[in-house]
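Residue-level listing of the chains:
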Amino acid sequence: MEAALQAVSPEQIPAGRVITYQGAQTVADFGDSNAEFLAALAGCLVVEQNWRSRMRVTGADAARWLNGMLTNTSALEDGAGNYSLLLNAQGRLQGDVYMFRDGAEFILETSAAQQDKTTAWLDHYIIMDDVSLAPEARLTATLSVAGVEATATLARLLGDAVELAPLHWR
């Protein structure tokens, strides 16, 4: 498999058409959408979702506080995640996030376009709670892996990580 991974060097990858999507500069395509689609049908493609942004929620009250702020519970096992909405007191949508548990802490992932608004809205409601919000400082990435060979490719690259359930991370 390593030979197959090294078969395409960075110099061989064509320059992509860059657009602004969800508040971030991202590659829309590499010049031939049909060829990219056919590659997914015959093999595997990896798409970096750099338009995703993450913040870390810490503090002794984090789980309880998040339960009051989000539509989905923070009662997750370590490494698990869920999709949740942020609603105001009138039930109006303020944003959406994927929430993942990292030990006693949580990572909220949203689009770069709504990250500042989401952070400000959440921060406004930290009153007497032991809760802190901070940009996720560790080097992280959100990748989509698609195609008929996606599972086999992930198994060769990551070993048992391919066995993760949906919305689990490691």
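Residues numbered from 1 in each chain as written. Predicted model: local features only at pLDDT ≥ 70, side-chain atom pairs only at ≥ 80, totals over all residues. Heavy atoms only, no water.

A. Structural detail: the confidence of the model for the protein chain. On average, residues of the protein chain score 83 in pLDDT, and 88% of them are at 70 or above. Scored below 50 in pLDDT, residues 1–6 makes 3 contacts in the model with residues more than four places away or belonging to other chains. (pLDDT = per-residue confidence, 0-100. Contact = heavy atoms within 4.5 Å.)

B. Main features of the environment of Val 57. Among the structural elements, Val 57 can be located in strand β4 (residues 52–58). As for Val 57 and Ala 134, which are separated by 77 residues in sequence, their C-alpha atoms are 6.8 Å apart. The contacts of Val 57, once residues within four sequence positions are left out, are Ala 62, Trp 65, Leu 66, Glu 105, Phe 106, Leu 108, Val 131, Ser 132 and Leu 133. (Helix = DSSP H or I, 4+ residues; strand = E, 2+ residues; numbered from the N terminus.)

C. Structural view of the nonpolar core. Counting residues in each nonpolar core, the largest one holds 19 residues, and the members touching the most others are Val 57, Trp 65, Leu 66, Leu 70, Leu 108 and Leu 122. Taken together, the elements giving at least two residues each to this core come down to β4, α3 (62–69), β6 (93–102), β7 (105–111) and α4 (112–124). When residues of this core are assigned to their parent elements, the largest contribution, 4 residues, is made by α3. Excluding residues within four positions of it along the chain, Trp 65 makes contact with Val 57, Leu 122, Tyr 125, Ile 126, Asp 129, Val 131 and Leu 133. (Core = buried A, V, L, I, M, F, W, Y, C linked by side-chain atoms within 4.5 Å. Buried < 20%, exposed > 50% of the residue type's maximum accessible area, 1.4 Å probe, protein only.)

D. Broad picture of the side chain of Arg 56. By the element assignment, Arg 56 lies in strand β4. Assessed through its relative accessible area of 12%, Arg 56 is described here as buried. Reaching out from Arg 56, the side chain makes a polar contact with the side chain of Asp 102 at a distance of 2.9 Å. Here Glu 105 takes part through its side chain, which lies 2.7 Å from a polar atom of the side chain of Arg 56. The residues touching Arg 56, leaving out its near neighbours within four places in the chain, are Asp 102, Glu 105, Phe 106, Ile 107, Ser 132, Leu 133, Ala 134, Pro 135, Glu 136 and Arg 138. (Polar contact = N/O pair within 3.5 Å; in protein donor to acceptor, adjacent residues only side chain to side chain.)

E. The arrangement of the pattern of salt bridges in detail. Overall, the coordinates contain 7 salt bridges when judged by the stated rule. With a shortest N-O distance of 2.7 Å, Glu 105 and Arg 56 are connected by a salt bridge. Note that Glu 105 is positioned in strand β7 and Arg 56 in strand β4, a separation of 49 residues in sequence. Owing to a relative accessible area of 29%, Glu 105 belongs among the partly exposed residues under this scheme. Arg 64 is the salt-bridge partner of Asp 129, the closest N and O atoms lying 2.4 Å from each other. Highlighted residues: Asp 129 in the loop between α4 and β8 (132–135) and Arg 64 in helix α3, separated in sequence by 65 residues. Take Arg 64: its relative accessible area is 49%, and that puts it in the partly exposed class. Via salt bridges that share partners, Arg 56, Asp 102, Glu 105 and Glu 136 belong to a single interconnected network. (Salt bridge = Lys/Arg side-chain N within 4 Å of Asp/Glu carboxyl O.)

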